[in-house]
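Structural overview
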Amino acid sequence: EMASRHLNTALQLQPDYAEAQYNLANLLRNEGKSEEAAAHYRKAIELKPDYAAAYNNLGLTLHSQGKPAEAVAHYQKALALMPAYAEAHNNLGITLADQGKLAEAVAHYQKALALKPDFAEAHGSLGNALKDQGRLDEAVVQYRRVLALRPDLAEAESQLMHQLQHLCEWSGLEDLFDRQRKLVREQSHPKIPPFTLLAIPSSAAEQLVCARIHAASRFSSFAALREQFGFNFVRASKPKLRIGYLSADFCQHATAYLIAELFELHDQAGFEVFAYSYGPNDGSDMRRRLVRACNQFVDIAGDTFIETARRIYEDRIDILVDLKGHTRAARTEIVALRPAPIQVNYLGYPGTMGAEFMDYIITDRFITPPDYAPFFSEKLVSLPDCYQVNDRKREIAKQALTRAECGLPVKGLVFCCFNNTYKIMSAVFDIWMRMLRRIPGSVLWLLEANAGAAANLRREAKARGVEPERLVFAPRLPLAQHLARHGNADLFL
């Protein structure tokens, strides 16, 4: 408040003081007042057209508002004015990566590091992009460099931990698990992703604390914006309830494979189904099927968080269902603006959001036993059998690969686990290897997620007295063929 008072006084005395406009904008941005901040950055640029830092920070503000194209333009202007601006290269890379332009992002991170080799945040950004390109070993190197420069960057440690899990590189993982859980219990770091904590041996209480800290850090400014909109849910009733589904995954994606038939089975006499899609339109049969199943299918990929929230509100959605939760590519900022009177967490993330703007989570008594209710910020809505719907219309290829074609023995028990490798813990692997030792001729059939995991798991098998060739890795296939080859397994683990 004192800083704001002095900056405003400076501008009353000298309205054309560009640096004061810039500093006031920084203050407002840190307070989450992005619209006001953007106005002051623009004023600073108007007064000082070669103000590279103002262009950079205006780019940051626009990115936070969900305006990536405008953000990119301002970063590029900053770099045109100051080509050796390492921070602008890093920020531009982050926005390009969010747009899926990973190769371009990597090039800008590398420029940032050439200019500033000890730039810890740029090493972390490069690690994130390499991870998204599937170059996990290289990503791990970058996360280790971050921590050598800045041991306090817990989010880099979290990413290092998660990628080591993907690689099944278990040496030292228990120490990382313990450190991350300790930071959560101490409530000392807001940037530990709830998703990575959910994927390690952590307690429900720790998961709630982590989610609450994360949500407060990321979305509190959006809660403050709500008052500007005056959303009023006291309105005339409609003949049907309107259900809105919000996701990036209305395409060839695991979420769509689960939920497609649910859309088709909604009772049209009582409900109208709206889908709000901010992911890619891949032109697939699945995309067309989802569009057909909805009363309205709205592509919001190019809209800002605020524009989307206004659209949902004006569509008079009664129940908004977020299908992403704390997962990759989520736009939880939209839900944080509370455009619907009832908001629900479902399917994509079966943990708590830790957010006051999420009213319910749809779950079941296995995923969320009733005794766990205190560890969820949402109210539990438990379905009678299973929270996870599944599409009965999935195609299964008629011509399945034989065991031999899958690299499996013609005879012998085939244990199978096609889960992501980050879910395989050392203690579970111990049990699997004990089974293989006790059952002659048996093999373990796993998904070939990445080359590093295959090599590490074979090494771990040998260390446990199991011949490495008894681990068979299945390459990725189109879904219909993948489902068909399941018939070659005897027992799924």
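In what follows, the structure referred to is the one given above.
The rules behind these values
Residues numbered from 1 in each chain as written. Predicted model: local features only at pLDDT ≥ 70, side-chain atom pairs only at ≥ 80, totals over all residues. Heavy atoms only, no water. Pairing = 2+ DSSP bridges. Helix = DSSP H or I, 4+ residues; strand = E, 2+ residues; numbered from the N terminus. Axes fitted to C-alpha atoms, helices over the stretch in contact; angles between N-to-C directions. Contact = heavy atoms within 4.5 Å. Disulfide = S-S within 2.5 Å. Expected span 1.5 Å × (residues − 1). Polar contact = N/O pair within 3.5 Å; in protein donor to acceptor, adjacent residues only side chain to side chain. Core = buried A, V, L, I, M, F, W, Y, C linked by side-chain atoms within 4.5 Å. Buried < 20%, exposed > 50% of the residue type's maximum accessible area, 1.4 Å probe, protein only.

The strand order across the open sheet formed by seven strands is 3-2-1-4-5-6-7, and the pairing between neighbours is parallel. Two strands lie at the open edges of the sheet, namely strand 3 (296-299) and strand 7 (379-383), each paired on one side alone. When the angles between neighbouring strand axes are averaged without regard to direction, this sheet yields 25°.

Turning to the sheet that holds strand 9 (residues 443-447), a few remarks are in order. Here we have four strands laid out as an open sheet, ordered 10-9-8-11, and parallel in their pairing. A strand with exactly one partner marks an edge of an open sheet, and here the two such strands are strand 10 (471-474) and strand 11 (491-492). Taken strand by strand, helix 18 (residues 426-438) contacts strand 8 (414-417), strand 9 and strand 10, and its axis lies near 145° from that of strand 9. In this fold helix 19 (residues 451-463) packs onto strand 9 and strand 10, with an angle of close to 165° to the strand it touches most, strand 10.

So, about unusual backbone geometry. For C168, which is not glycine, the phi torsion reads 55° and is therefore positive. Mapped onto the elements, C168 comes out in the loop between helix 10 (154-166) and helix 11 (173-185).

Let us look at the pairing of strand 4 (residues 319-322). For strand 1 (residues 241-247) and strand 4, the ladder comprises four bridges, and the chain directions are parallel. Among the inter-strand pairings, I243 is bridged to a residue of strand 4, identified as I319. By the bridge criterion, four bridges tie strand 4 to strand 5 (residues 342-345) in an arrangement that is parallel. Pairing of V321 across the sheet is with V344, part of strand 5.

All right, on to the side chain of D315 then. Looking at the secondary structure, you find D315 in the loop between helix 16 (305-314) and strand 4. Once residues lying within four places of it in the same chain are set aside, the contact partners of D315 are R242, F274 and Y276.

Disulfide: a covalent bond connecting the sulfur atoms of a pair of cysteines. Taken as a whole and assessed by the stated rule, the structure comprises zero disulfides. No disulfide involves C168; its sulfur sits 10 Å from the nearest other cysteine sulfur, which is in C417. Between C386, a free cysteine, and C417, which holds the nearest cysteine sulfur, the sulfur-to-sulfur gap is 17 Å.

Taking 1.5 Å per residue, 13 residues should reach 18 Å; helix 19 reaches 19 Å between its end C-alpha atoms and fits that length. The inward-facing, buried residues of helix 19 contact helix 10, helix 18, strand 9 and strand 10. Backbone nitrogen of G452 and a side-chain oxygen of the N-cap are separated by 3.2 Å at the start of helix 19; the cap is N450. Just downstream of helix 19, G465 is the residue with a positive phi angle, here 80°.

The next subject is the nonpolar core. F429, W432, M433, L444, L446, L457 and L471 are the most contacted members of the largest nonpolar core, which totals 83 residues. When residues no more than four places from it in sequence are discounted, the contact partners of L446 are C417, F418, I424, W432, L457, L471, V472, F473 and A474.

The values reported here are purely geometric and, on their own, carry no functional implication.
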